[in-house]
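Take a look at the letters that make up each chain.
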Amino acid sequence: MSHSPMMPFKDALNAIEKASSCLVKQEYIKLHHALNRILATDIIAGINIPPADNSAMDGYALNAKEWQANQPLEISQRIPAGISPQALKPNTCVRIFTGAILPEGADTVVMQENTSIDSAGRVVFNHPLSQGDNVRPTGQDVKIGQQVLTKGTRLTPQHIGMLASLGIHQVTCFEKLKIGVLTTGDELTAVETPFLKSGQIYNSNGPMLISLIQNLGHSAHSCLHANDNPEETKNALRTLSAECDLILSSGGVSVGEEDHVKEVIEKNGAMDLWKVAIKPGKPLVFGHVFETPFIGLPGNPSSSLVTFHWFARVAITAHAGGRVKHPQKYKVYPSFSRKKAIGRDEFLRVSLSEDNKAEPHPQQSSGALFASCVSDGYLHIPANQSIDQSQLFDFYPFSSF
Ligand code: AMP
Ligand code: MG
């Protein structure tokens, strides 16, 4: 057995991002189908938002220069939202409502609560005012010509709302990436199986990987399982390759003679096997099989989760045409110290206490998934670093991924 050096975490991340290019074409889709889809063009505002100066309040609009304390103004016009007003008559005010356009000549809105009506039905303005009060000027939110969204953005509900405000009802997005999932292992049985026979465990990575893919806004196009023999593994990979743009697998990539994924890929494609210096994690396969890009994750459930979060997420996003963002992180203090340093970047599953101290779950084994079910996220301990309670570390909530 050769002992190839481990690849540093950062190098593996960079290599994956560099090697993952967009695999999908563009299509024009309706806005109401665009949630979670990836924009294939920049979006430039074709109109101002708001398109005209308008009132932020229910009240009275006037020309600030015509205001004098205890000098009531006659109401010359009533302007609800949605109408196009006439110009302001000099030395009058207008009744105006939130969202209504300011008449030409008016520049200030006084909220209704700061006014009173005199016996002649005129408006008394008792409070001092400043020009522009309670006015939302043209283009306050977005100016015409401004770049609003960038190519590669995965559309959120806010983006959909913004596109609608701009009058954009169809957008150019990337076609959906077809992702195939392969799980491997003789010991695994489908979750529908009522009883486990001796030696069996349930296939948990299959459903977990499918949900991780869904969590990124994609869906698994096809999902297969192969037992530990070269024929089944090859057939499954060939089928997935014919149907999908990208294949993601779990297990079968370690060094044992029951690990057939590597062998099939070596014979029918090409691959790099990296021992990435992370814990949990380590073996990661990256290459192509039957001409389809392929990512092989380790089988241990926590290793699968961590390597998906860090590596598969990046590859899927980039292959789908998306812009890869570093996950959001916060600096926190650990609740404990540890003198011993290890040669790998470690992602401890931790909970945050009320005073924001990161407390590790006691069971950090790569085969144990429960810790990540009751923790808040990862505490990242860089390779070769001991842990000191007085030192800040990066905390990544699970929701960042
Ligand atoms: P492997 O990488 O195939 O050697 O698997 C490493 C460990 O992960 C073994 O204990 C497997 O039983 C377990 N494992 C592999 N695939 C899965 C899966 N799909 N669901 C749950 N456990 C798995
Ligand atoms: Mg296996």
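Our subject in this report is the structure included herewith. (Residues numbered from 1 in each chain as written. Chains lettered and ligands numbered in written order. Predicted model: local features only at pLDDT ≥ 70, side-chain atom pairs only at ≥ 80, totals over all residues. Heavy atoms only, no water.)

### Regarding the overall build of the protein
Thought 1: Tallying secondary structure elements over the protein gives 7 helices and 26 strands in all.
Thought 2: Its C-alpha atoms give the protein a radius of gyration of 30 Å, more than 25% over the compact-globule value 21 Å for 401 residues.
Thought 3: Across the 401 residues that make up the protein, the buried fraction comes to 46%.
Thought 4: Taking as baseline every contact in the protein between residues at least 6 positions apart, the subset at least 24 positions apart corresponds to 69%.
Thought 5: With an accessible surface of roughly 19900 Å², the protein has 50% of that area assigned to carbon and sulfur atoms.
Thought 6: In the protein, which carries 35 positive and 38 negative side-chain charges, the distance between the mean positions of the two groups comes to 2 Å. (Helix = DSSP H or I, 4+ residues; strand = E, 2+ residues; numbered from the N terminus. Rg over C-alpha atoms; globule rule 2.2 N^0.38 Å. Buried < 20%, exposed > 50% of the residue type's maximum accessible area, 1.4 Å probe, protein only. Contact = heavy atoms within 4.5 Å. Areas by Shrake-Rupley, 256 points an atom, 1.4 Å probe, with all protein chains shown as cover. Lys, Arg positive; Asp, Glu negative; His and termini not counted. Charge placed at Lys NZ, Arg CZ, Asp CG, Glu CD.)

### Observations regarding the packing of aromatic side chains
Thought 1: For the coordinates displayed, the defined rule picks out 12 aromatic pairs.
Thought 2: With a centroid separation of 5.0 Å and 85 degrees between ring planes, the pair formed by W310 and Y396 is classed as edge-to-face. Of this pair, W310 sits in helix α6 (residues 301-319) while Y396 sits in strand β26 (residues 393-397); the two residues are 86 residues apart in sequence, bridging distant segments of the chain. Of the two residues examined, W310 and Y396, each falls in the buried class.
Thought 3: Arranged with centres 5.9 Å apart and planes meeting at 75 degrees, the rings of F347 and Y378 form a pair that is edge-to-face. One end of the pair, F347, is in strand β23 (residues 345-352); the other, Y378, is in strand β25 (residues 377-381), with 31 residues separating them in the sequence.
Thought 4: The buried category is assigned to Y378, whose relative accessible area is 0%.
Thought 5: Of the aromatic side chains, those joined through ring pairs into one cluster are F9, W310, F311, F347, Y378, Y396, F398 and F401.
Thought 6: We note R95 situated over the ring of Y60; from NZ or CZ to the ring centre the distance is 5.0 Å. (Phe/Tyr/Trp six-rings, centres within 6.5 Å; stacked < 30°, edge-to-face > 60°. Lys NZ or Arg CZ within 6 Å of the ring centre and 35° of its normal.)

### Focus: the sheet that holds strand β18 (residues 269-275)
Thought 1: In spatial order, the strands read β16-β13-β17-β21-β20-β18; together these 6 strands make up an open sheet with mixed pairing. Two strands bound the open sheet, and with one partner strand each, they are β16 (220-226) and β18. Each strand of the sheet is rotated relative to its neighbour by a mean of 15 degrees, with strand direction disregarded.
Thought 2: Running over the sheet, helix α3 (residues 205-215) touches β13 (179-184), β16, β17 (246-250) and β21 (292-297) and is turned about 160 degrees from β13.
Thought 3: Across the sheet, helix α5 (residues 261-268) touches β13, β17, β18, β20 (283-289) and β21, and the angle it forms with β18 is around 140 degrees. (Pairing = 2+ DSSP bridges. Axes fitted to C-alpha atoms, helices over the stretch in contact; angles between N-to-C directions.)

### Quick look at the side chain of T189
Thought 1: Topologically, T189 is positioned in strand β14 (residues 188-189).
Thought 2: The class for T189 is buried, based on a relative accessible area of 10%.
Thought 3: Of note is the side chain of T189, whose polar atom sits 2.7 Å from the side chain of T193.
Thought 4: Beyond its immediate sequence surroundings of up to four residues, T189 is in contact with L196, Q200, I201, Y202 and N203. (Polar contact = N/O pair within 3.5 Å; in protein donor to acceptor, adjacent residues only side chain to side chain.)

### Some details on the packing of helix α1 (residues 9-19) against α6
Thought 1: It is at 8 Å that the axes of α1 and α6 come closest, and there the two elements cross at 20 degrees. Of the possible angle classes, the one that applies to α1 and α6 is roughly parallel. Both α1 and α6 take part in a crossing whose hand is right-handed. In this structure, α1 contributes F9, A12, L13, I16, E17 and A19 to the contact, and α6 contributes W310, F311, V314, A315 and H319.
Thought 2: Residues belonging to the contact of α1 with α6 are distributed by class as follows: 9 nonpolar, 1 polar and 1 charged. (Parallel < 35°, antiparallel > 145°, perpendicular 65-115°, else oblique. Left-handed = near helix turned anticlockwise from the far one by under 90°. Nonpolar A, V, L, I, M, F, W, Y, C, P; charged D, E, K, R; others polar.)

### Concerning the sheet that holds strand β7 (residues 108-111)
Thought 1: The strand order β5-β6-β4-β7 describes an open sheet built from 4 strands, whose pairing is mixed. Of all the strands in the sheet, the pair left with one neighbour each is β5 (74-79) and β7. In this sheet, adjacent strand axes meet at a mean angle of 30 degrees when their direction is disregarded.
Thought 2: Relative to strand β6 (residues 92-96), β5 runs parallel, the two being bridged by 5 bridges. Note that in β6 the partner of R78 across the bridge is R95.

### Topic: the environment of S165
Thought 1: Relative to the helices and strands, S165 is located in helix α2 (residues 157-165).
Thought 2: Here the alpha-carbon distance between S165 and P50, two residues 115 residues apart in the chain, equals 8.8 Å.
Thought 3: Not counting residues within four places of it along the chain, the set of residues in contact with S165 comprises I47 and I49.

### Notes on the nonpolar core
Thought 1: Of all hydrophobic cores here, the largest spans 40 residues; its most connected members are L248, F308, W310, F311, I316 and Y378.
Thought 2: Elements supplying a minimum of two residues to this core: α1, β13, α3, β17, β20, β21 and α6.
Thought 3: Looking at this core, the element that brings in the most residues is α6, giving 9 residues.
Thought 4: Apart from the residues lying within four places of it in its own chain, the contact partners of L248 are G180, V181, L182, L209, I213, I295, L297, F308, A312 and I316.
Thought 5: Within the second largest apolar cluster, 16 residues are counted, among which are L39, L149, L155 and L163. (Core = buried A, V, L, I, M, F, W, Y, C linked by side-chain atoms within 4.5 Å.)

### A few points about unusual backbone geometry
Thought 1: Along the chain, I49 connects to P50 via a cis peptide bond; the corresponding omega equals -5 degrees.
Thought 2: As for its position among the elements, P50 is in the loop between β2 (43-44) and β3 (54-55).
Thought 3: In this chain, K279 is followed by P280 through a cis amide linkage whose omega measures -10 degrees.
Thought 4: Note that P280 resides in the loop between β19 (278-279) and β20.
Thought 5: Phi at N70 takes a positive value of approximately 55 degrees, unusual for a residue other than glycine.
Thought 6: Considering the arrangement of structural elements, one finds N70 in the loop between β4 (59-62) and β5.
Thought 7: Its identity is not glycine, yet E291 carries a phi of approximately 75 degrees, on the positive side.
Thought 8: By secondary structure assignment, the location of E291 is in the loop between β20 and β21.
Thought 9: Residue classification places E291 among the exposed residues on the basis of a relative accessible area of 75%.

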